[in-house]
Amino acid sequence: MKSNHLLAIQFGTLSVSAALFERANDHCRILEVIRRPLTHHLQTSADELVRSSLAECYAMLSLMKKKHRTICPSIIRVGIASPYVLSRTEHVENIYSDSRVFVSADVEELLATGKQQFFNALPPHGPLTVIEAIPMAFTVNGYSTRHAIGQTGKQLASDIRYSAIPETFGNAILAQFELPGDKHPTYLPH
């Protein structure tokens, strides 16, 4: 029976929570759930909230490592609530001189343009890591379509939802996992 493990962590407004799951064949079993409340007051700064959240996360992970020494999660999911995330939807449009069949590079260009609009629209900030860029829908020559790749037209547009976290926060989360090579947690904004 082959099994693998999933670690889910949630950075919320009032607590940091973690759940460790074991998945074997078609069955999933919860091995551990830990919730650490956050204490803050009206004068709590964003930096203080991040520091206390990371400290509670580290404490939870330390407890799990002691209790489940032989387990190394193959999948890590990190949910991040609104106090830590900057989100905004951008309308992006590219108009081309000639009709063309849109390819993935055209969609990537649209996403990159929207990302720059997103950063330009934010108030002054430190370095950010974009954790989400979701096209809501595309329009090709003014007609709505689910998938732009393979469509033919002169105009390609989309409303794209971007979410970002402070780069230092993302790096601090990654540092807690000591992941080898290219393994990184997947961030899930709320």
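The structure under discussion appears in the preceding block.
Since this is a predicted model, take the numbers as computed values, not measurements.

Participant: Any chance you could explain the pairing of strand β3 (residues 27-37) here in plain terms?
Facilitator: Relative to β3, strand β2 (residues 15-24) runs antiparallel, the two being bridged by 10 bridges. Its bridge partner being in β3, V16 is matched across the sheet by R36. The turn joining β2 and β3, which pair antiparallel and follow one another in sequence, is formed by 2 residues; a positive phi near 50 degrees is taken by N25.

Participant: Mind showing me how you'd approach the sheet that holds strand β7 (residues 143-145) here?
Facilitator: On the basis of which strands lie adjacent, the open sheet formed by 4 strands has the order β5-β8-β6-β7 and antiparallel pairing. In the strand order of this sheet, the two ends are held by β5 (86-101) and β7, each with one partner. Each neighbouring strand pair of the sheet contributes to a mean axis angle of 35 degrees, computed without reference to strand direction. Bridge count between strand β6 (residues 128-140) and β7: 3 bridges; the pairing is antiparallel. Along β7, the bridge assignment pairs T139 with S144. Contacting β5, β6 and β8 (152-166), helix α2 (residues 104-121) crosses the sheet at an angle of about 140 degrees to β5.

Participant: What should I look at first to understand the layout of surface pockets in this one?
Facilitator: In this approach the atoms are scanned with a rolling probe the size of a water molecule, which exposes any empty space left behind. Estimates place the volume of the second largest pocket at around 210 Å³. Taken together, A46, D47, L49, V50, P83, Y84, V85, L86, P166, T168 and F169 make up the lining of the second largest pocket. Mapped by element, the contributors of at least two residues to the lining of the second largest pocket are α1 (46-67) and α3 (167-177). The greatest single-element share of the lining of the second largest pocket, amounting to 4 residues, is contributed by α1. Residue classes in the lining of the second largest pocket are distributed as 9 nonpolar, 1 polar and 1 charged.

Participant: How should I be thinking about the environment of Y162 in this particular structure?
Facilitator: Assignment of secondary structure puts Y162 in strand β8. A distance of 2.6 Å separates a polar side-chain atom of Y162 from the backbone oxygen of L111.

Participant: Hey, could you run me through the state of the cysteines in this one?
Facilitator: Two cysteines whose sulfur atoms are joined by a covalent bond form what is called a disulfide. Here the structure, examined in full by the defined rule, presents 0 disulfides. There is no disulfide at C72, and the cysteine sulfur nearest it, in C57, is 15 Å away. Given the relative accessible area of 65%, C72 is considered exposed.

Participant: Even after reading the chapter, I still don't get α2, so can you show me in this structure?
Facilitator: It helps to recall that an α-helix has 3.6 residues per turn; residues three or four apart then point in one direction. Counted at 1.5 Å a residue, the expected span for α2 with its 18 residues is 26 Å, and the 26 Å between its end C-alpha atoms agrees. Along α2, the residues classified as buried are D106, V107, L110, L111, G114 and F118. Seen from one end, α2 has its buried residues packed into an arc of 140 degrees, which puts them on one side. In α2, those exposed residues whose orientation departs by more than 90 degrees from the buried face are A105 and N120. Buried positions along α2 lie against β5, β6 and β8.

So, how was this worked out
Every chain begins its residue count from 1, and numbering advances along the sequence as written. Selection of residues for local features in this predicted model requires a pLDDT of at least 70, selection of side-chain atom pairs for listing and counting requires 80 or more, and totals for whole chains, interfaces and linings are taken over all residues. Side-chain metrics in this entry use all non-hydrogen atoms of the structure; hydrogen atoms and water are not considered. We treat two strands as partners when DSSP finds at least two bridges between them. To qualify as a helix, a DSSP run of H or I must reach at least 4 residues; to qualify as a strand, a run of E must reach at least 2; elements of each kind are numbered from the N terminus. Between the N-to-C directions of two axes lies an angle of 0 to 180 degrees, each axis being a line fitted to C-alpha atoms and, for a helix, fitted only over the stretch in contact. Residue contacts follow a heavy-atom distance rule, with two residues in contact if any of their heavy atoms lie within 4.5 Å. Of the grid points, spaced at 1 Å and generated over the protein atoms alone, those admitting a 1.4 Å probe that cannot get out make up cavities, while open sets with protein on both sides within 12 Å along at least five of seven lines make up pockets; any residue with an atom within 4 Å of a point is treated as lining. Grid points are joined across faces, edges and corners, and a volume is the space filled by probe spheres set on the points. In this classification, Asp, Glu, Lys and Arg are treated as charged, Ala, Val, Leu, Ile, Met, Phe, Trp, Tyr, Cys and Pro as nonpolar, and every other residue, Gly included, as polar. We call two N or O atoms a polar contact when they sit within 3.5 Å, provided that within protein one can donate a hydrogen and the other can accept it, with sequence-adjacent residues counted only if both atoms are side-chain atoms. Any two cysteine sulfur atoms within 2.5 Å of one another count as a disulfide. A 1.4 Å probe rolled over the protein chains alone gives each residue an accessible area, and that area as a share of the maximum for its type sets the label: buried under 20%, exposed over 50%, partly exposed in between. A helix is expected to span 1.5 Å for every residue after the first. Arc definition: directions from the helix axis to the C-beta atoms.

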